Structure formats: C-alpha cells, structure tokens
Amino acid sequence: MKKKSFIALFIGFHICFIALKIHKQSSFIKLSYEKQHLETECQKLKNRKQELTTTLYTLKKPSSIKQFATTTLNMEPLNLKQVKRMHTT
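A quick note: this is a predicted structure, and the numbers were derived from the prediction, not measured.

Enquirer: It is not clear to me how unusual backbone geometry should be interpreted in this structure. Could you clarify?
Expert: The backbone of Asn74 shows a phi angle near 55°, a positive value even though the residue is not glycine. Mapped onto the secondary structure, Asn74 falls in the segment after α2 (62–71). A relative accessible area of 62% means that Asn74 is categorised as exposed.

Enquirer: What should I look at first to understand the packing of helix α1 (residues 2–60) against α2 in this one?
Expert: The description of two helices packed together rests on the angle between their axes and the distance between the axes. Between α1 and α2, whose axes approach to 5 Å, the crossing angle comes to 70°. In terms of orientation, α1 and α2 fall into the roughly perpendicular class. In this structure, α1 uses Thr58, Leu59 and Lys60 to contact α2, whose residues at the interface are Pro62, Ser64 and Ile65. For the contact of α1 with α2, the residue count by class is 3 nonpolar, 2 polar and 1 charged.

Enquirer: Honestly, the pattern of salt bridges in this entry has me stumped. Any pointers?
Expert: Any two side chains of opposite charge can pair, on the condition that their charged atoms come close. Evaluation of the coordinates by the stated rule reveals 2 salt bridges. Note that Lys35 and Glu39 form a salt bridge whose closest N and O atoms lie 3.6 Å from each other. With Lys35 and Glu39 both in helix α1 and 4 residues apart, this pair spans about one turn of that helix. Note that Arg48 and Glu51 form a salt bridge whose closest N and O atoms lie 3.7 Å from each other. One end of the pair, Arg48, and the other, Glu51, are both in helix α1, 3 residues apart, so they sit about a helical turn from each other.

About the cut-offs
- Residues numbered from 1 in each chain as written.
- Predicted model: local features only at pLDDT ≥ 70, side-chain atom pairs only at ≥ 80, totals over all residues.
- Heavy atoms only, no water.
- Helix = DSSP H or I, 4+ residues; strand = E, 2+ residues; numbered from the N terminus.
- Buried < 20%, exposed > 50% of the residue type's maximum accessible area, 1.4 Å probe, protein only.
- Axes fitted to C-alpha atoms, helices over the stretch in contact; angles between N-to-C directions.
- Parallel < 35°, antiparallel > 145°, perpendicular 65-115°, else oblique.
- Contact = heavy atoms within 4.5 Å.
- Nonpolar A, V, L, I, M, F, W, Y, C, P; charged D, E, K, R; others polar.
- Salt bridge = Lys/Arg side-chain N within 4 Å of Asp/Glu carboxyl O.

By themselves, these observations are geometric and do not establish any function.
What follows is the structure, given as structure tokens:
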C-alpha cells in the first residue's frame, strides 16, 4: 500500500513539475515577444526624434525663416530708405 501511494505521489510531483516547466516557457516566450515589441517601438521613437530634431534645426536656419516670410506671409525685403528713426525724449 505504501509503495503504491509513493508511486502515485512521485508521478503527481512529476506532473506538477512538467506543468510548471510549461508555464515557465510560455511566460518566457510572452515576455520575449513583449520585449521585442517594445524595442521596435523604442527604435521608431528614436527615429522620430531624430526627424523632428532635423526639422527643428532646418526651421531655425535664417534662410528658412526668410523663405517662410516671403512665401507664406508675403513679406518683402526691407530697404534702408524705408527705415524711419524716431526720437524719444
């Protein structure tokens, strides 16, 4: 009787260990996939940051500002004759 209960207990423990091993593997695969997804998203965000930084520096250039003023705002270059000086007292 003791031998049968020992064998049943032994088999039960092994089944539990197999179930835990399967659970561990599935958790590992799930976390691996999530890590890969987050790394891809991080790379996309780094690329987007680089694009935005490049655009910012391009827009800060004086030539770009001048082009925007003349094309979009219909501004014209200013001559020195057009400048009037005001005296403050």
